[in-house]
Structures are given as structure tokens and as C-alpha cells.
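# Summary of the model geometry
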Amino acid sequence: MTDKDIKEIAEWLDSGMICYYHRPTKTIEYHPDPDDPYFEPDPWQETIDKVEEDWDNYDQFEKMTSNQGFEVMKDFADSLKDSEFQEKIYNRLYRPRPFQNFKNLIDNSDYRQNWFDFKAKAYIDFTKRQIGLKK
């Protein structure tokens, strides 16, 4: 699997998809999580069938759990040198609706791009760890 493949899988996982890497053809398939209450299978049925029919040749990659996503946000806060903004993040993370509070704070800050870069790297590392589990 190339770095480009890993990056693509990480990006799909970040967008909430479940990904599959087909080892013989080195191609990537993806679809939304069927357990999501808003999942509509019709547009994805062809992909789902394709993966199920050749399951033994695919490696599956799961998206982060909400706990793992929370840890990434906390790790981002821990990485900041700006203690004032860091404290604002901590305050948002430990209130109800931490994901929405974090997003609102970051989207209206000078750290928005830093967050996107940090999260992209976290997803790449997360994807690489899943590859390690499949070997």
C-alpha cells in the first residue's frame, strides 16, 4: 500500500466512510457506515456487493470512534503553545456537546488550519496502525 493510498483512506475515514483496500488490484472502495441511522443503502449497494463477493481479498478500515476522535481533539489542545487558547479548548471539551463546541471554537480561530493539518496526520497515523493490525 502506497503513502498515497494511506492518505486517501485516511481522508475517507475522516469523512465518516468505511474503507476497503482490494489487495489484488490495489484499489480502494468505500461507503458510509451502514449502522448510521441516516444510511441509505441504494446508492452504495453495488460497492457493498462488490466487497462482500470478494471479502477475503479486502482489508477493511474503520473510522475513529467518538472516544478516539475526542482524544485527537485533546491531543491537539495539548500540542498548543498558546496556553490561553489551550484552556479555551479544554473548557469546551469537558462541557456537553464537546465536538460541536470544539468545532465552533476552532472554526472561528487562527488555529483552524493547524487543526486540519493535525487531524489529517492523526488519521494517517490511525490508518497506518490499522494496516499494522492486518499484517
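Provided above is the structure to which this section pertains.
Not measured: the values here are computed from a predicted model. (Residues numbered from 1 in each chain as written. Predicted model: local features only at pLDDT ≥ 70, side-chain atom pairs only at ≥ 80, totals over all residues. Heavy atoms only, no water.)

Taking 1.5 Å as the rise per residue, helix H3 (residues 66-79) with 14 residues should run 20 Å; its terminal C-alpha atoms sit 20 Å apart, in good agreement. Listed in full, the buried residues belonging to H3 are Gly-69, Phe-70, Val-72, Met-73, Phe-76 and Ala-77. With its buried residues spanning 155° around the axis, H3 presents them on a single face. (Helix = DSSP H or I, 4+ residues; strand = E, 2+ residues; numbered from the N terminus. Expected span 1.5 Å × (residues − 1). Buried < 20%, exposed > 50% of the residue type's maximum accessible area, 1.4 Å probe, protein only. Arc of directions from axis to C-beta.)

A separate point is the packing of helix H4 (residues 83-93) against helix H5 (residues 98-107). Their axes nearest at 8 Å, the elements H4 and H5 cross at an angle of 155°. In terms of their interaxial angle, H4 and H5 are classed as roughly antiparallel. On H5, the residues touching Phe-85, Lys-88, Ile-89, Arg-92 and Leu-93 of H4 are Pro-98, Asn-101, Phe-102, Leu-105 and Ile-106. Looking at side-chain class alone, the contact of H4 with H5 contains seven nonpolar, one polar and two charged residues. (Axes fitted to C-alpha atoms, helices over the stretch in contact; angles between N-to-C directions. Parallel < 35°, antiparallel > 145°, perpendicular 65-115°, else oblique. Contact = heavy atoms within 4.5 Å. Nonpolar A, V, L, I, M, F, W, Y, C, P; charged D, E, K, R; others polar.)

A separate point is the pairing of strand E1 (residues 17-22). Across the six residues of E1, six count as buried, placing the element largely inside the fold. Of the two faces of E1, the one lined by Met-17, Cys-19 and Tyr-21 and the one lined by Ile-18, Tyr-20 and His-22 are each fully buried. As paired strands, E1 and strand E2 (residues 27-32) are joined by six bridges and run antiparallel to one another. In the strand pairing of E2, Cys-19 is matched with Tyr-30. Between E1 and E2, which follow one another and run antiparallel, lie four residues, and Lys-26 among them has a positive phi close to 55°. Of the pairings in the sheet, the one linking E1 to strand E3 (residues 58-61) comprises four bridges and is antiparallel in character. The partner of Tyr-21 across the bridge, within E3, is Asp-59. (Pairing = 2+ DSSP bridges.)

Let us now look at the packing of aromatic side chains. Scanning the model with the defined rule gives 11 aromatic pairs in all. Relative to Tyr-30, the ring of Trp-12 lies with its centre 3.7 Å away and its plane at 15°, an arrangement referred to as stacked. Taken together, the residues Trp-12 in helix H1 (residues 3-14) and Tyr-30 in strand E2 connect sequence positions 18 residues apart. Their ring planes at 70° and their centres at 6.0 Å tell us that Tyr-20 and Trp-55 sit as a pair that is edge-to-face. Of this pair, Tyr-20 sits in strand E1 while Trp-55 sits in the loop between helix H2 (45-53) and E3; the two residues are 35 residues apart in sequence, bridging distant segments of the chain. Judged by its relative accessible area of 42%, Trp-55 is partly exposed. One aromatic cluster is present, formed by Phe-76, Phe-102, Trp-115 and Phe-118 through successive ring pairs. (Phe/Tyr/Trp six-rings, centres within 6.5 Å; stacked < 30°, edge-to-face > 60°.)

If you look at the biggest cluster of nonpolar residues, it comprises 27 residues, and the most contacted ones within it are Phe-76, Ile-89 and Phe-102. Elements represented by at least two residues in this core include exactly H1, E1, H3, H4, H5 and helix H6 (112-134). Leave out the neighbours within four places in its chain, and Ile-89 touches Phe-76, Ala-77, Leu-80, Phe-102, Leu-105 and Ile-106. (Core = buried A, V, L, I, M, F, W, Y, C linked by side-chain atoms within 4.5 Å.)

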